[in-house]
Every structure is written in structure tokens, then in C-alpha cells.
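# Observations on the model geometry
Residue strings, one per chain:
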Amino acid sequence: MTKEAYIRKRLDDNFQLWCGRASLWGCFLFLSLGVLDYLATPENFFLFLRYRAVVSLVLLAGYFFTWRLPKAYLSTLAYVMVASAAIAIELMILNFGGHDSPYYVGMILLGISVVGFIPARFSFHIIIAIMIYTIYLFPILIIETITGHRDFVIANAFMVLIFSTLLLMRYMSGNALAAELGLQYDLEQYRERLEMVVEERTAELRHAVKDLKKEIVERQRAEAERKLLQAQLLQAQKMESIGRLAGGVAHDFNNILTAILSYAELSLMKLPEHDPLRGHLISIQEASEKAATLTHQLLAFSRRQVLEMKVVDLNDVIRGLAKMLTRMIGEDMPLELRTGATTSFVRADEGQIEQVLMNLAVNARDAMPSGGRFVIETADANPDDAVLKSQGVADPGQYVMLSVTDSGAGMSAEVRERIFEPFFTTKELGRGTGLGLATVYGIVKQHGGHIIVDSEPGKGTIFRILLPLTAGPGPQQAAEPSGPLPEGTETLLVVEDDELVRGLIDEVLAPLGYRVLTTASGDEALKTSDSFPGHVDLLLTDVVMPGMNGRQLAEVMRTRRPGIKVLFMSGYTQDALSTQGILEPGVALIHKPLRAGTLARQIRQVLDSVG
């Protein structure tokens, strides 16, 4: 709406409002002044009362039409109401006094009421003033003979002066009103623009707040993920540090156990059957075996043992271990086997998988001291499994799932977070080393698998292990022969940095007919080989040594003495012989701690192998 249209509309609204008010006020005033008629001219009272009644009815009708007629007709309605009032007053003037009648003041009062109080266009007020004055003057001039010219002229001059003054005041107030309405228009336009700007800014602010909230949520999520990743990193670094420590301890400890186990075994071979010292030696041997088991657990946890991988059927491994597990957990906890996986061939170290099952079985037995339900199950990994997705297991269709379930006491969230830490245990003092589940974790990770724990207090525990699937069954491994130690006449070059182990190997192999050349390092072994004129049939070397390691030495020896056989010894390889902890094909390895019988048979097997 333009400013002119706005001003015009506001003037019309004001004109309508004041017309309604003036018609009601005029109706009341016109009847009330009938009292003056009675005082001024009692003989004309009833005649004038009729005039006043007719005009009052016209004004009252005008009031109702004011709110119902279109605004374009309001001026006409106003002209009619003013004209009717002026005609009634003029009739009173003609009936009482003529040009000398005091009722001419009624014409002035009518002009003041209309021109002075009703806001309208200036042209409307000019027409009203002319109309009132004309209705007053013309009938007098036509009908009457004016006798008092001086008084008549003064009265008309006074009336003209009053009407002129009213018109001047109306002109000035009309301009002021138009200016005020124009200012109101500008203020309203400014207010609308301001509201629009405020609404736009408010909308921008709402969007900004929404984006800010979203950013805060994203930052909180990112911060939570960062803290989680930081905790996982710290945990991984802690586990890695402990693993390195465990591997280093295992390397030195295996050498010590090699001497203890092998010397105990040799002493038992030489002692008579009923010698009283045999019991002591057997106790030493059993204690050493337990220490060796502990060392293997440390290596399994730290993933620093070498796995002899082959293709095995996970279902067959479980079924083959069922009787042993039943004896282990006791008759009050029946074992349920569910080998439901349609494909269960995995590339794994069968002994280590058995170790995982036995450790989980022991853990389940300890969680159910009064008996309960124990289930070992294989199943196809479902790609839509929410648990697997939540753990970030990629492509579940390429895994087989091994689950171990018990109905024991379950674990709290705090315990679940620490169960794979080495030496962490909830058992009472003396009932556990805290390495069982750490060993399980290390073996599973070394096999490229995942382990997921689902447990709540009072609801039992489920361990889900996912192992990568492979194609085809694996070759059958022949059982280790028993009986007397095999002998030979070949020349063996032994490289071992530990003097105690070096002396033990010489004491085991020399009586079996072998010619043993013992050295303490790779450089010394090369010098001994270069200075030895005869044929060297086998290199028996430790893997981890100062300077040149066992693998490097073997590569040099194969170039200098083509056809030489190699047998490695180690309990901690540092990946020197393996890829991701898996023994490379064609590599012969004997694990420390060494046993005399195992060492003699392994050497004979390598010497008799083709290639």
C-alpha cells in the first residue's frame, strides 16, 4: 500500500468514526435544546419539537447507515444529515424572528460541530460551510424584508468570520493530520521491515543454534570416539609393552628350562629304575613342565610364538577334544556340543585352538562352582549380526564363529574391560595366574581372528570367536614315534649363545654318534665352518642371537655349503622365521625349552628329509 492510499484509508476510517459519533451526539443535542424553545418561544414549542424530532430521527438513521454504507457514500450521507439539521434550524428562524431571530446561532453551532470536530477532506468542509450559510441566507433574502440592515450585516459578517476561521483551522489541522498519518505510515513500514529483518535474523539465529547444537553433538561424539580410541591405543600399547616384556623373559627363561628339563631327562635315562633319586628328578621335571606351560602362555598372550599352521576342520577339533573337556569340567556341568557350521575349515595351529578351548572351559568351570550349562558351538557368521557389526568385523561371511557359553555368574562392565589383561584375575589368591584369557586373546589375534565377549552379572557369559575360513581339508600329521633315541653319524654345526644350552646339546647328541661342532654366535659359526675340512650335514641354530640372527646365518651357510640342512631353535622368534607369527613353509623349527628326546628325533627327521 502506497503512502497516499494509506493516508486516504486512515482519513476515511476517521471520517466514518466521527460521523457515527457526531450523529449520535447531534441527535442528543438537538433534542436537549428543545428546553430553550420552551423558554424562548412557548407558542412555537410543539412546532419546533416536531422539527427537532424529525431531525433526530434522520441523525439516528444516519448513525446506523454510517457503519453499513460503503465509505464512498459517507460524504453524501453527511451532507444529508447536515442539510436536514440546517433546514430545521432555518424553519425555526423563519417562524421566530426572521433575520433578527437569535436562532441564527444554531447555524453557527452546527458549523462549529461539523467543521470543527469531524476530520475530513478540506473540500468536504468548504461544501458544508457554504451549504449551511446558503440554507441560512437565501430563504431570508427571498421571503423577508430586511429592516435592521446594520444588525443583519454584523450577524452575517460574524457568521462568515467564524466559518472562515473554522475552515482555516481545519485546513491547518488537515495538513497536520495528513503529515501525522504519513509519519505513522513510515513508522509502520519501518516496523514491518524491522519485523521482517528480526524474523530473518531470528531464523538465521535458529539455524545457527541448530547448527551449533549439531556441531556440539558431533564434537561430543568425536570427543567420545577420541577418548575411546585413545583408551584403546593406550590399552594396545600397554598390551604390546607387556607382550614384549613377556617375550624377552620367555627367551631367557626357555634357555634355563631347556637345561633343567633336558638334564633331568638325561639323568632319568641313566639312573636305575629303583634309584631313590628318580622321584626327585621326576618332581623337577614336572615343575619345569609347568614352568614351560607358563612360558608358552606368556608367548601366546604376546603373540610371539610361532604357529605351525595347517588346514583343520574346526568341528573335528571340537569333537576330538570333547572327552578331555568333559573330564576337565566335571560331571556336574554337562558339555553340549553343537557343530552347526556348514563350513568350518580354518588355517590354524590345532594345538593352540585346543589351548583356547581348554582355557575357556576352565574359565567356565570356575564361573559355575555349583554346576550349570556349558555349550560349545560352531555356526556360520551372519553378515547381519548386530554384535559383529558393532565390533567392526569386516565381511562376516568369510568367518566361522566358535562360541563358548556358560550359565555362570557373569561379569560386570568393569571386569569385561580387563579380562584379557595378563595377570588380571577375579579368583582368590592361589587359584589362577591371570593368563588364561590373555592367552586366548593372543592366540585368536595371532590367527587373524576376533573375540567378542557378551556377559552381564547373573546372566552368564558368551565368548564368540571368529576365525577366517579357508578352502579344503588339511594334510594328516603323523604321530611322533616313541622308543629309544635315534642315532646318527652326521656332522652337526650347533650355534647357541647360551653356554648352558650349548653344553646340553653337545651332551645329548654326542653320545648318539653325531659329530658336534658347537659355537656361540653366527660369526664364530662361519669361521668354524670355513676351517672345518669335512662335510657339515646340518646347521642347528638358535634364532635370536646377538649380531647375526639364525635366519641370516642359515642363508649364508646355504651359499657356502649347498645342500646343508637347517633346524632352528627358538621360543621367541621376533618374526625372524615367520610372517605375522606363522611359520613359513619349508622351515623346520624346534620349540624351546628343548627336551632331549624331542631334539634327537627332530634332528633325525630333518636329516632324513628329502631336499
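Preceding this paragraph is the structure being described.
Residues numbered from 1 in each chain as written. Predicted model: local features only at pLDDT ≥ 70, side-chain atom pairs only at ≥ 80, totals over all residues. Heavy atoms only, no water.

### Digging into the side chain of Lys592
Assignment of secondary structure puts Lys592 in the loop between strand E14 (589-591) and helix H17 (596-608). One polar contact links Lys592 to Glu496, side chain to side chain, over a distance of 2.8 Å. Among the polar contacts listed, one links the side chain of Lys592 to the side chain of Asp542, at a separation of 3.2 Å. (Helix = DSSP H or I, 4+ residues; strand = E, 2+ residues; numbered from the N terminus. Polar contact = N/O pair within 3.5 Å; in protein donor to acceptor, adjacent residues only side chain to side chain.)

### Observations regarding empty space enclosed by the protein
Think of a ball as big as a water molecule: rolled over the atoms, this probe shows where empty space is left. By the definition in use, this model includes one cavity of 30 Å³ or more. Approximately 40 Å³ is the volume attributed to the largest cavity. Together, Ile353, Val356, Leu402, Ile443, Val444, Ile465 and Leu467 line the largest cavity. Only helix H10 (350-367), helix H13 (436-446) and strand E7 (461-468) provide two or more residues apiece to the lining of the largest cavity. (1 Å grid on protein atoms, 1.4 Å probe; cavity = no way out; pocket = protein on both sides within 12 Å on 5 of 7 lines; lining within 4 Å. Points joined across faces, edges and corners; volume = space filled by probe spheres on them.)

### A word on the packing of aromatic side chains
Aromatic rings considered in pairs are described by the distance between their centres and by the relative angle of their planes. Across all of its chains, the model carries eleven aromatic pairs by this definition. Plain terms: the ring middles of Phe48 and Tyr103 are 5.6 Å apart, the flat faces sit at 75° to each other, and that makes the pair edge-to-face. One end of the pair, Phe48, is in helix H3 (residues 45-66); the other, Tyr103, is in the loop between helix H4 (74-95) and helix H5 (104-117), and 55 residues separate them in sequence. Comparing Phe48 with Tyr103, the two get one shared label, buried. Between Tyr63 and Trp67, the aromatic rings sit 6.3 Å apart at their centres with planes inclined by 80°, giving edge-to-face as the arrangement. Among the aromatic residues, those joined into a ring-pair cluster are Phe48, Tyr51, Phe96 and Tyr103. Across from the ring centre of Phe30, 5.1 Å away, lies the NZ or CZ of Arg52, which sits over that ring. (Phe/Tyr/Trp six-rings, centres within 6.5 Å; stacked < 30°, edge-to-face > 60°. Buried < 20%, exposed > 50% of the residue type's maximum accessible area, 1.4 Å probe, protein only. Lys NZ or Arg CZ within 6 Å of the ring centre and 35° of its normal.)

### Focus: the sheet that holds strand E11 (residues 565-570)
The strand order across the open sheet formed by five strands is E9-E8-E10-E11-E14, and the pairing between neighbours is parallel. Sheet topology places strand E9 (515-519) and E14 at the edges, where each strand pairs with a single neighbour. In this sheet, neighbouring strand axes are inclined to one another by 20° on average, regardless of whether the strands run parallel or antiparallel. Relative to E9, strand E8 (residues 491-495) runs parallel, the two sharing five bridges. Within E9, the position partnered with Val495 by the bridge is Thr519. Contacts between helix H16 (residues 550-560) and the sheet are confined to E8, strand E10 (538-542) and E11, with E10 contributing the most and set at about 160° to the helix. (Pairing = 2+ DSSP bridges. Axes fitted to C-alpha atoms, helices over the stretch in contact; angles between N-to-C directions. Contact = heavy atoms within 4.5 Å.)

### With respect to the sheet that holds strand E2 (residues 335-339)
If you walk across this open sheet you meet the five strands as E2-E4-E5-E7-E6, and the pairing is mixed. Bordering the open sheet on either side are E2 and strand E6 (450-455), each of which pairs with just one other strand. With direction set aside, neighbouring strand axes in the sheet form an average angle of 15°. Sitting on the sheet, helix H9 (residues 314-329) touches E2, strand E4 (374-380), strand E5 (399-406) and E7, and the angle it makes with E2 is about 180°.

### Looking at the nonpolar core
Counting residues in hydrophobic clusters, the biggest one holds 47 residues, and the most contacted among them are Met107 and Tyr136. Of all the secondary-structure elements, those providing two or more residues to this core are helix H1 (3-32), H3, H4, H5, helix H6 (122-143) and helix H7 (149-270). Tallying contributions element by element places H4 first for this core, with twelve residues. In this structure, Tyr136 is in contact with Glu90, Ile93, Tyr104, Met107, Phe152, Asn156 and Met159, ignoring residues within four places of it in sequence. Listed in part, the 37 residues of the second largest apolar core include Val312, Leu314, Ile318 and Phe463. (Core = buried A, V, L, I, M, F, W, Y, C linked by side-chain atoms within 4.5 Å.)

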